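Observations on chain architecture
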Amino acid sequence: MSPQPQAAVGAPLSRVDGRLKVTGQALYAAEHDVDGAVHAVIVDAAIGLGRIMSINSGAAEALPGVLKVIHHHNAPKLPYRDNSGSNNPPGRRLRVFQDDQVLFHGQPVAVVVATTLEAAQHGASLVKVGYDAEQSSTDLTEAEPDDPTNYARGDAEAALRSAAVRLDLTYRTARNHHNPMEPHATIARWNGDRLTVWDKTQWVVGTQTELAAVFGLDMDAVRVISPFVGGGFGSALRCWPHVVVAALAARETKRPVKLVLSRKQMYLGTGFRPSYEYRLRLGGDRRGRLSAAAHELDAETSSYETFTESILAAGQMLYSMPNVSQAYRTVPLDVPTPLYMRGPGFQTASFVIESAMDELAHKVGVDPIELRRRNEPNEDESSGLPFSTRRLRECYTVGAREFGWHRRNPRPRSTREGDWLIGRGMAAGVYDTARMPAQARARLDADGTAVVDAAATDMGPGTYTSQTQVAADALGLTVRTVTFRLGDSLYPPTPPHGGSMTMASVGSATLDACNKVRRQAIQLAVEDRESPLYGVPTADIVVRGGRLHVKNNPALGETYQRLLARNDRTHLEADGSFAPPSGPERHSFYGYNATFAEVAVDAALGLVRVRRVLGVYDAGRIISPKLADSQALGGMVGGIGTALLEHTVTDHRDGRIVNANLADYLVPVNADIPDLKAIYLDGEDREADPLGVKGLGELVMIGVAPAIANAVFNATGRRIRELPITAEALL
């Protein structure tokens, strides 16, 4: 068939759900009006490791309005089965209220359910818990690591010994917390043995699966609803214990239960970017051509689960070198389990690798961009596969021109404006182009409007809008006549809303479903003797503005409404799907960027101020430029936070997080945000998916922190290898 006209895709449209959000009509997890809902407040463990010896809930239970206090003494035993019915599900969950063990500070040890939030909060403060405390282990540098995950090609140690130029560098990154604006919240309601939850989640199917496993239910007995998510950054990619607590409390009290975490509690049980200690050794010749790299890294995880992320990939494929070794060790600690945070793995790796590349460039006297060009690979050397697309060289060229890189003085501490030292730095970035199986359903109604359903999520990037754009073009409708519905486990299943995979995966399923519906209509028209399109080859027909017509003769055609009405059809409907090709990959799929930063550093006080950031992206086809800009600028803001501000501080005596609030855990505010600009290379990646997209949301944060760190070096001559960069480190 003829290619469909593309009127919506690529247009800088405003969000289709924008009015709902600014008028308060978009309902987030805690805002759903569930009749008869009561309130629950969790009691958190006050020790970092040990056992619960006693729980005195009498004072709380005597409080007017308190319905029940649930803890391990009176909670039912839950089956925790997997979908196959086994009582030994894979992995080790934190099984709330199932025993007397305390595994980390802040673990839920009880929940108070009351008719009002105030009564539940007061009741929680009255619950007295006695502990047999043990010394917890929360310091990454003091604990014993697990056996490493290794990777090797060539002989890195021999190559390092013979290298003319060698660097041996150790970097440390702080634990970061996601801190989305919307707190995590769950409303749970039982109807017999059927459970409905309104939850803040980035994966309704994942929450559905976990709750079915915990309570021993069939999947179709659990419904998860999440139409709007007020930010996530990865923190809502799994079903956390508080969701189980809400469902358990609802079952025990036989009332719908609303549970909203406090800001402090979001530091205790909804994940975080783990801290790392990362040693990198580089070897090369005096022209900066790399011959070897050895990566040795330790990362924190919890004692009851092993969390890993894709931190090794960048070191294997970003630059050309014949000899690479990697050893990735997780360090079990008495902490809650970490979780993916924007740019997971690649964000941390980029700070290390790109800072080291800048240091190497300075040592051998080569411009940082030129050094990277000299080490550009021709293929993915970790797999031997060709890149689907790789336009880093173009990112460098465009970025250098737009940023004014030629004005940078390579000599550190050489550019001043009064009391301020001025520096410019850059970094490359890479992120995996993830795709997973997804489904969608499209229905074209007789009035010429369409509805598309998928169990996807929108935590802010604009899923409602971008999917509507794809659907509108595939159906030949205007955006305002298409409704995209998401956030309900009753809709066709989709993968997690993370890893920059939603547009490629769900978007391709939406495209497939809508293409099928359009083709049904075209087939109906060419077989209908009363249609002006009767007998016309289907390949010659396109649809624009809800009207089917011959591609080169727009006057010959008819509307969807007339076609369906004449054929007594109330609607046309089709299911769509997408899955990456089975079997081994034929290409290496990544998105790329070049990030440039300019900073000013107070020469006397060591204060760092970011003045401007530019990002240039090889991210395939851009479906919605306005949404892309929102993603890119937000990623830059997040990168500024990682580089200069964000740092979760733990008291290692008992595992308590001492800055579990937004007054002491610093994130960028408006005064910290400078001139930000994003540029997207025109192109597409049809090897990756039918839409030609690569994903953008993760990529835009990667490279910002090292670009800032490299700019700080250019400004001050001080090489900082620990994040965040503080004034103390520069004095």
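Residues numbered from 1 in each chain as written. Predicted model: local features only at pLDDT ≥ 70, side-chain atom pairs only at ≥ 80, totals over all residues. Heavy atoms only, no water.

Here we look at the overall build of the protein chain
Looking only at helices and strands, one finds 17 helices and 30 strands in the protein chain. If one aligns the C-alpha atoms of the protein chain with their principal axes, the spans along those axes are about 80 × 70 × 50 Å. Burial statistics for the protein chain: of 731 residues in total, 61% are counted as buried. With the model as given, the accessible surface of the protein chain reaches about 28,100 Å², and the carbon-plus-sulfur share is 48%. The positive charge centre, built from 78 side chains, and the negative charge centre, built from 83, are 4 Å apart in the protein chain. (Helix = DSSP H or I, 4+ residues; strand = E, 2+ residues; numbered from the N terminus. Buried < 20%, exposed > 50% of the residue type's maximum accessible area, 1.4 Å probe, protein only. Areas by Shrake-Rupley, 256 points an atom, 1.4 Å probe, with all protein chains shown as cover. Lys, Arg positive; Asp, Glu negative; His and termini not counted. Charge placed at Lys NZ, Arg CZ, Asp CG, Glu CD.)

Section: the sheet that holds strand β16 (residues 416-417)
As summarised here, the arrangement of the five strands in space is β16-β17-β25-β26-β29, forming an open sheet in which the pairing is mixed. Two strands in the sheet have a free side with no partner beyond their single neighbour: β16 and β29 (675-680). Across 13 bridges, strand β17 (residues 420-432) lies against strand β25 (residues 590-602) in antiparallel orientation. Within β25, the position partnered with Ala427 by the bridge is Thr595. Its contacts with the sheet place helix α9 (residues 346-364) against β17 and β25, and it is angled at close to 130° to β17. Along the sheet, helix α16 (residues 704-716) makes contact with β17, β25 and β26 (608-618), crossing β17 at roughly 155°. (Pairing = 2+ DSSP bridges. Contact = heavy atoms within 4.5 Å. Axes fitted to C-alpha atoms, helices over the stretch in contact; angles between N-to-C directions.)

Brief notes about helix α13 (residues 502-526)
Structurally, the α-helix is built with 3.6 residues per turn, so residues lying three or four positions apart point the same way. Across its 25 residues, α13 extends 35 Å between first and last C-alpha, which sits within 8% of the 36 Å expected from 1.5 Å per residue. Among the 25 residues in α13, 21 count as buried, and that is most of the element. (Expected span 1.5 Å × (residues − 1).)

Some details on the packing of aromatic side chains
All chains considered together, the criterion is met by 14 aromatic pairs. Ring centres 5.9 Å apart and planes at 55° place the aromatic pair Tyr28 and Phe228 in the tilted group. One end of the pair, Tyr28, is in the loop between α1 (18-22) and β1 (38-44); the other, Phe228, is in the loop between β11 (222-225) and α6 (241-253), and 200 residues separate them in sequence. Looking at Phe228, the relative accessible area reads 8%, which means it is buried. Measuring from ring centre to ring centre gives 5.7 Å for Tyr267 and Tyr665, while their planes differ by 65°; the resulting arrangement is edge-to-face. Placement of the pair is Tyr267 in helix α7 (residues 266-269) and Tyr665 in the loop between β28 (656-657) and β29, with a sequence separation of 398 residues. Accessibility assignment for this pair places Tyr267 and Tyr665 in one class, buried. Joined through ring pairs, the aromatic side chains of Phe346, Phe387, Tyr431, Tyr590 and Tyr592 make up one cluster. Over the aromatic face of Phe589 sits the side chain of Arg435, whose NZ or CZ is 4.2 Å from the ring centroid. (Phe/Tyr/Trp six-rings, centres within 6.5 Å; stacked < 30°, edge-to-face > 60°. Lys NZ or Arg CZ within 6 Å of the ring centre and 35° of its normal.)

Let's talk about the nonpolar core
Counting residues in each nonpolar core, the largest one holds 90 residues, and the members touching the most others are Tyr319, Val599, Tyr617 and Ile708. Core analysis: the next-biggest nonpolar cluster, separate from the first, contains 50 residues, Phe228, Tyr464, Cys514 and Leu691 among them. (Core = buried A, V, L, I, M, F, W, Y, C linked by side-chain atoms within 4.5 Å.)

Considerations on the environment of Ala632
Relative to the helices and strands, Ala632 resides in helix α15 (residues 625-644). Between the C-alpha atoms of Ala632 and Val616, which are 16 residues apart in sequence, the distance is 9.7 Å. With sequence-adjacent residues up to four places away left out, Ala632 is seen in contact with Tyr617, Ala678, Tyr680 and Val700.

Regarding the packing of helix α12 (residues 463-475) against α13
Where α12 contacts α13, the axes come no closer than 8 Å and their chain directions differ by 30°. When the interaxial angle is binned, α12 and α13 end up roughly parallel. Our pair here, α12 against α13, has a crossing hand that is right-handed. Side by side, α12 and α13 meet where Thr463, Ser466, Gln467, Val470, Ala471, Ala474 and Leu475 of the first sit next to Thr502, Met503, Val506, Gly507, Thr510, Leu511, Cys514, Asn515, Val517 and Arg518 of the second. A per-class count over the contact of α12 with α13 returns nine nonpolar, seven polar and one charged. (Parallel < 35°, antiparallel > 145°, perpendicular 65-115°, else oblique. Left-handed = near helix turned anticlockwise from the far one by under 90°. Nonpolar A, V, L, I, M, F, W, Y, C, P; charged D, E, K, R; others polar.)

Some details on the pattern of salt bridges
Counted under the stated rule, the structure contains 40 salt bridges. Between Arg566 and Glu558 there is a salt bridge, with the nearest N and O atoms lying 2.8 Å from each other. On the basis of relative accessible area, Glu558 is assigned to the buried category, the value being 2%. Among the charged side chains, a salt-bridge network with shared partners connects Glu157, Asp168, Arg279, Arg281 and Glu296. (Salt bridge = Lys/Arg side-chain N within 4 Å of Asp/Glu carboxyl O.)

Quick word on the sheet that holds strand β12 (residues 257-260)
Spatial ordering of the open sheet is given by β3-β5-β1-β12-β9-β10-β11, a layout of seven strands whose pairing is mixed. The open sheet has two edge strands, β3 (66-71) and β11, and neither has a second partner. In this sheet, neighbouring strand axes are inclined to one another by 20° on average, regardless of whether the strands run parallel or antiparallel. Pairing of strand β10 (residues 194-199) with β11 involves four bridges; the strand directions are parallel. Following the sheet pairing, Thr196 is matched in β11 by Arg223. Docked against the sheet, helix α3 (residues 117-126) engages β1, β3 and β5 (108-114), running at close to 20° with respect to β1. The sheet contacts of α6 involve β1, β3, β5, β9 (185-191), β10 and β12, and relative to β9 the element is tilted by about 35°.

Considerations on the environment of Trp240
You can see Trp240 is positioned in the loop between β11 and α6. Sequence spacing of Trp240 and Pro332 is 92 residues, and the spatial spacing of their C-alpha atoms is 19 Å. When neighbours within four sequence positions are excluded, Trp240 is seen to be in contact with His184, Ser235, Gly269, Thr270, Gly271, Thr337 and Leu339. Side-chain polar atoms of Trp240 contact the backbone oxygen of Ser235, separated by 2.7 Å. (Polar contact = N/O pair within 3.5 Å; in protein donor to acceptor, adjacent residues only side chain to side chain.)

A look at unusual backbone geometry
Backbone torsion omega between Leu723 and Pro724 reads 0°, so that peptide bond is classified as cis. Within the chain, Phe97 stands out as a residue other than glycine whose phi angle is a positive 60°. Within the element layout of this structure, Phe97 appears in the loop between β3 and β4 (101-102). For Phe97, a relative accessible area of 3% translates into the label buried. Of note, the phi angle at Ser500 is positive, near 55°, even though the residue is not glycine. With respect to the secondary-structure elements, Ser500 resides in the loop between β20 (482-485) and α13. Residue class for Ser500 comes out buried when judged on its relative accessible area of 13%.

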